[in-house]
Amino acid sequence: MIKSIQQFEESGIKKLEKIIESFMKDPKDMASFVYGIRDEVIALGLDLIEETLEDCNQMLRDSPKRKQSWEVVRTDRKKLTTCLGTVCFEKTLFRNKQTRESTYLLDRILGIESHERLTEDAEAKLLEEAVQTSYRKAGEETSLTDRVSKQTVKNKLHRLTFPQLEETKP
């Protein structure tokens, strides 16, 4: 998290100052001002999420307890779409020394399925929008900076299961 904040301090604040300066020169262009601020804040949020996930992964790699049972196989890149946008981070594949099972321990901790590309918040936004509008519109509204295909929206909706309610007899 420290790196993201330092990076924002070095470059993000300068960008914000330019956006403000541009607005002061042309105060009628409120839309550009608001969108510029929004984009910088979203970029900071995505950087913080990415860095935090990579820090968690590094903690797993460095953990003495993990080293007793799990060995490092390789590091891969993972893309996750959040309601803010897409986050791309590194995660490590580990192999259990006894069972030879391979898994991404970070995914286990975060509760991410093996081929999942949407976070819980993005999926909730997708479902909320799909109930109100079309699959296409739901895919557009899932994330502030990215889109999800209408096929993905359809697949998510069709995979939903609901518990059956038992009828009570009076």
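This text goes with the structure placed above it.
Note that the coordinates shown come from a computational prediction; the quantities given were computed from them, not determined experimentally.

At Arg-100, a position not held by glycine, the phi torsion is positive, near 65°. Summarising the element assignment, Arg-100 is placed in the loop between β2 (86–96) and β3 (102–104).

With respect to topology, three strands assemble into an open sheet ordered β1-β2-β3, the strand pairing being antiparallel. The sheet is open, and its two borders are formed by β1 (70–81) and β3, each paired with just one other strand. The sheet shows a mean angle of 25° between the axes of neighbouring strands, taken without regard to direction. In terms of strand pairing, β1 meets β2 through eleven bridges, oriented antiparallel. When the bridges of β2 are listed, Lys-78 appears paired with Phe-89.

Glancing now at the packing of aromatic side chains. Going through the model one piece at a time under the given rule, you end up with one aromatic pair. Against the face of Tyr-104 rests Lys-91, its NZ or CZ located 4.0 Å from the ring centre.

Turning our attention to the pairing of β2. Regular strands show a simple pattern: their side chains alternate between the two faces of the sheet. Here β1 hands over to β2 after four residues, with Gly-85 in that stretch at a positive phi of 160°. Examined bridge by bridge, β2 and β3 share three bridges and lie antiparallel to one another. When the sheet's bridge partners are listed, Leu-93 is paired in β3 with Tyr-104. In this antiparallel pair of consecutive strands, β2 and β3, the connection spans five residues, and Arg-100 shows a positive phi of 65°.

It is at 10 Å that the axes of helix α5 (residues 120–132) and helix α7 (residues 150–159) come closest, and there the two elements cross at 90°. Overall, the two elements α5 and α7 adopt an arrangement that is roughly perpendicular. Each of Glu-123, Leu-126, Leu-127 and Ala-130 in α5 lies in contact with α7, whose residues at this interface are Val-153, Lys-156 and Leu-157.

Cut-offs and rules
- Residues numbered from 1 in each chain as written.
- Predicted model: local features only at pLDDT ≥ 70, side-chain atom pairs only at ≥ 80, totals over all residues.
- Heavy atoms only, no water.
- Helix = DSSP H or I, 4+ residues; strand = E, 2+ residues; numbered from the N terminus.
- Pairing = 2+ DSSP bridges.
- Axes fitted to C-alpha atoms, helices over the stretch in contact; angles between N-to-C directions.
- Phe/Tyr/Trp six-rings, centres within 6.5 Å; stacked < 30°, edge-to-face > 60°.
- Lys NZ or Arg CZ within 6 Å of the ring centre and 35° of its normal.
- Parallel < 35°, antiparallel > 145°, perpendicular 65-115°, else oblique.
- Contact = heavy atoms within 4.5 Å.

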